[in-house]
Amino acid sequence: MNQNELKSLKTTAAKIRLGILEGVHAAASGHPGGSLSIAEILTYLYFKELNVDPKNPKNPDRDRFVLSKGHTAPGLYAALAEKGFFDRAELKNLRHVDSFLQGHPDMKIIPGVDMSAGSLGLGISSACGMALAGKVDKKNYRVYTVVGDGESEEGQVWEAAMFAAHYKLDNLCVIVDWNGLQIDGPVAEVMNPTPHDKKFEAFGFHVISVDAHDFEQLEKAFEEAKTVKGKPTAIIAKSVKGKGVSYMENEVKWHGSAPNDELYEQAVSEITEAMKNI
Amino acid sequence: MAEKIATREAYGKALAELGEKYDFVVLDADLAEATKTLYFKKAFPERFFDCGIAEGNMMSVAAGIASTGKPVFASTFAMFAAGRAFEQVRNSIGYPHLNVKIGATHAGITVGEDGATHQCNEDIALMRTIPGMTIINPSDAVEARAAVEAALNIDGPVYMRFGRFAVPVINDTPNYKFEVGKGVELLAGSDVTIVATGLMVSMALEAAQMLKEQGIAARVVNIHTIKPIDKEIIVKAAKETGAIVTAEEHNIIGGLGGAVAEVVSENYPVPVLRVGVEDKYGHSGKVPPLLEMYGLTPEKIVEKALAAVTLKK
């Protein structure tokens, strides 16, 4: 990855972070922590990896993305808006009664959303279905899904993992956002689902571990995933929940609460400052 | 004596037959032998996928397949399709209104020997509460075959309810026509209407015969589509016969009886008495004594019909 590209991706990630904060602040609710932790992953997917076209969002040959951890919709919406699926000005209408931007992704009314998701554990299974359909129809598209580390406490995640490996879905890439926190506290204390790498490996996945905020590592991982034949890939992405906003980083509280005006201003200025140094 | 065929048998054969004409995928959860999707598996192995004993995953996988534009049938027992996987059906399939056809077999008490854990008397009630879900409960093999093809031509989710037990074929007539959402008047009558679904339809016809011997002219209406329900035929029956008895192999709460009572009370209130499983769990046993035990008999329909007639104003 050359420096210009890296700079451009970092700038986009910062814009997505601003979009997340704008939406959550305007809604006075939503999930900033786990949206911020996947800002680089979403950026890499939508601006480097996915074969998608905002002008033709239903193209049957497109790559698919399922946000299995659907509560981090503010991140997805900010990425979709940045990519041009809808006007960025819509983000401030997040969760409003007259807006199409639902609290969790809704494929029927939100341009660019490939699967309604949010009830944890369901999205990864639907991603498996998309990948299987691609095999049946001999299409070359790939399917990506982001699963939360807390989400992986749901048994269905492992039913899906079993299914993906059984049907050799090498067109499927599961990304685990390992941010270490869930509503009731640290994931390791609430109900420890780790180690994800060994578990996915035991389920028959090709496993790659990365720093979720490092674009060069993400590039290497996603490129490697495309070379794997006969098995799905799991990218275990170690992340910082609330990444980019000092008071939100690694704080459980910001899993599902919105900043007040003052804290919002602080967050915006932190990210804007950081953007200047990219 | 009419030929007897289980509706699950007709379902499996219909899938194998329609697989020639339509491009769809079939999923099962380790019950292909029992749900009869086995016939499709044999005919189109490249389009059949066993999901193993993981019904929740199967429903969400089905949603993913359907999202790419390919219709998909997902089959398992009613208990696991509507019960175990309710939330996946609601959120993965129902909410995005995806083209998934749920083939739920072994519905109701006629599962028999396996007993209460596998006798699902709640599925219609559960599925009725999902917006946009079409629910079809065929009365015999002919109707089951027709329902499968009709489901393929519906844009959206469909829940089809099939039985394990062989039931009389009653629709093998030259003029038989299946229309989703349209009830069928099988017998004219003016004193009371028996509105039945599934295997209770043939019992309703027997009951009408018994009532005729007592001088009561009972109309018999087959409601194969429980949602969207045929309001017109029900309101007409309420107006013209003044009393209704519903008959279903399902809990009397929330199923056909509930649906008919809702239509009648909102449009033309007349007495509605319900024959069905009276808010109880099932029991192991051979099917005939079980039907007696739970009051799913022509005699019970007759009893309720006479009671309904006396309630008429």
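Cut-offs used in this document
- Residues numbered from 1 in each chain as written.
- Chains lettered and ligands numbered in written order.
- Predicted model: local features only at pLDDT ≥ 70, side-chain atom pairs only at ≥ 80, totals over all residues.
- Helix = DSSP H or I, 4+ residues; strand = E, 2+ residues; numbered from the N terminus.
- Rg over C-alpha atoms; globule rule 2.2 N^0.38 Å.
- Buried ≥ 20, exposed ≤ 12 C-beta atoms within 10 Å, placed from the backbone.
- Domains from an automatic or database assignment.
- Contact = placed C-beta atoms within 7 Å.
- Nonpolar A, V, L, I, M, F, W, Y, C, P; charged D, E, K, R; others polar.
- Core = buried A, V, L, I, M, F, W, Y, C linked by C-beta atoms within 7 Å.
- Pairing = 2+ DSSP bridges.
- Axes fitted to C-alpha atoms, helices over the stretch in contact; angles between N-to-C directions.
- Right-handed = clockwise from strand over helix to strand, strands pointing away.
- Expected span 1.5 Å × (residues − 1).

**Here's the deal with the overall build of chain B**
(1) Moving on: Tallying secondary structure elements over chain B gives 13 helices and 14 strands in all.
(2) Moving on: Taking 2.2 N^0.38 as the reference for a compact globule, 313 residues should give roughly 20 Å; the C-alpha atoms of chain B span a radius of gyration of 19 Å, in line with that estimate.
(3) Moving on: A principal-axis box enclosing the C-alpha atoms of chain B has dimensions of 60 × 40 × 40 Å.
(4) Moving on: Looking at the 313 residues of chain B, the share that counts as buried comes to 61%.

**So, the domain arrangement of chain B**
All names here are of chain B.
(1) Moving on: Examined at the domain level, chain B breaks down into domain 1 (4-168) and domain 2 (184-311).
(2) Moving on: Computed over C-alpha atoms, the centres of domain 1 and domain 2 are 25 Å apart.
(3) Moving on: Between domain 1 and domain 2, the contact holds 28 residues from the first and 31 residues from the second.
(4) Moving on: Class assignment for the residues of the side of domain 1 that touches domain 2 results in 12 nonpolar, 10 polar and six charged.

**What to know about the nonpolar core**
(1) Moving on: Cys-128 of chain A together with Leu-27, Ala-62, Ile-194, Ala-204, Ile-244 and Ala-305 of chain B are the most contacted members of the largest nonpolar core, which totals 195 residues.
(2) Moving on: Counting only domains with at least three residues in this core, you end up with domain 1 (4-168) and domain 2 (184-311) of chain B.
(3) Moving on: Setting aside its immediate chain neighbours within four residues, Ala-204 of chain B contacts Ile-194, Ala-196, Val-220, Ala-247 and Ile-301 of chain B.

**Things to note about the sheet that holds strand E12 (residues 225-227) of chain B**
Residue and element names in this part refer to chain B.
(1) Moving on: Spatial ordering of the open sheet is given by E3-E2-E4-E5-E7-E6-E12, a layout of seven strands whose pairing is mixed. On the outer flanks of this sheet lie strand E3 (48-50) and E12, each paired with one strand and no other. In this sheet, adjacent strand axes meet at a mean angle of 20° when their direction is disregarded.
(2) Moving on: Here strand E6 (residues 134-136) pairs with strand E7 (residues 158-161) via three bridges, running parallel. Residue pairing across strands places Ile-135 opposite Tyr-159, the latter belonging to E7.

**Digging into the environment of Asn-93 of chain A**
Residue and element names in this part refer to chain A.
(1) Moving on: When you line up the elements, Asn-93 lands in the loop between helix H4 (73-83) and helix H5 (122-136).
(2) Moving on: Residue Asn-93 is classed as partly exposed on the basis of its C-beta count, with 17 C-beta atoms lying within 10 Å.
(3) Moving on: Separated by 141 residues in sequence, Asn-93 and Ala-234 place their C-alpha atoms 34 Å apart.
(4) Moving on: When sequence neighbours within four positions are dropped, the list of residues in contact with Asn-93 reads Ser-99 and Leu-101.

**Some remarks on the pairing of strand E14 (residues 272-277) of chain B**
Residues and elements named next belong to chain B.
(1) Moving on: In terms of residue burial, E14 counts as a mostly covered element, since six of its six residues are buried.
(2) Moving on: Pairing of strand E13 (residues 244-251) with E14 involves five bridges; the strand directions are parallel. Counted as the bridge partner of Ile-244 is Val-272 from E14.
(3) Moving on: With helix H11 (residues 256-267) bridging E13 and the parallel E14, this β-α-β connection has right-handed handedness.

**Focus: the interface of chain A and chain B**
(1) Moving on: Taken together, the contact pairs 22 residues of chain A with 24 residues of chain B.
(2) Moving on: Going through the elements one at a time, H5 and helix H6 (155-166) of chain A are the ones with two or more residues in the side of chain A that touches chain B.
(3) Moving on: For the side of chain A that touches chain B, the leading source of residues is H5 of chain A, giving 10 residues.

**Some thoughts on helix H4 (residues 55-67) of chain B**
Residues and elements named next belong to chain B.
(1) Moving on: In this model, H4 (13 residues) spans 18 Å end to end at C-alpha, consistent with the 18 Å of a helix rising 1.5 Å per residue.
(2) Moving on: Of all 13 residues making up H4, 13 are buried, and the element is well covered by its neighbours.
(3) Moving on: Positive backbone phi, at 105°, marks Gly-69, one or two positions downstream of H4.

**Re the pairing of strand E7 (residues 233-238) of chain A**
Residue and element names in this part refer to chain A.
(1) Moving on: With five of six residues buried, E7 lies mostly within the body of the structure.
(2) Moving on: Pairing analysis gives six bridges linking strand E3 (residues 172-178) to E7, with the strands arranged parallel. Across the sheet, residue Val-176 finds its bridge partner in E7, namely Ile-236.
(3) Moving on: Judged from the six bridges that link them, strand E6 (residues 206-211) and E7 form a sheet pairing that is parallel. Residue pairing for E7: His-206 is matched across the bridge by Thr-233.
(4) Moving on: In this fold, E6 hands off to helix H9 (residues 215-227), which returns the chain to E7; that crossover is right-handed.

**Observations regarding the environment of Met-200 of chain B**
Residues and elements named next belong to chain B.
(1) Moving on: With respect to the element layout, Met-200 can be found in helix H9 (residues 200-213).
(2) Moving on: Put simply, Met-200 and Gly-115 are 85 residues apart on the chain and 20 Å apart in space, counted from C-alpha to C-alpha.
(3) Moving on: Contacts of Met-200, omitting those with residues within four sequence positions, involve Ala-247, Glu-248, Glu-249 and Leu-296.

**With respect to unusual backbone geometry**
(1) Moving on: In the segment running from Thr-194 of chain A into Pro-195 of chain A, the intervening peptide bond is cis, with an omega of 0°.
(2) Moving on: Considering the arrangement of structural elements, one finds Pro-195 of chain A in the loop between helix H7 (187-191) and helix H8 (196-202).
(3) Moving on: Residue Pro-228 of chain B is reached from Lys-227 of chain B by a cis peptide bond, and omega for that bond is -5°.
(4) Moving on: Along the chain, Pro-228 of chain B turns up in the loop between E12 and helix H10 (231-241).
(5) Moving on: Although it is not a glycine, Ala-28 of chain A adopts a positive phi angle of roughly 55°.
(6) Moving on: You can see Ala-28 of chain A is positioned in the loop between helix H1 (3-27) and helix H2 (33-36).
(7) Moving on: A positive phi is found at Lys-168 of chain A, a non-glycine position, where the angle reads about 50°.
(8) Moving on: Along the polypeptide, Lys-168 of chain A turns up in the loop between H6 and E3.
(9) Moving on: Judged by the 15 C-beta atoms lying within 10 Å of it, Lys-168 of chain A is partly exposed.

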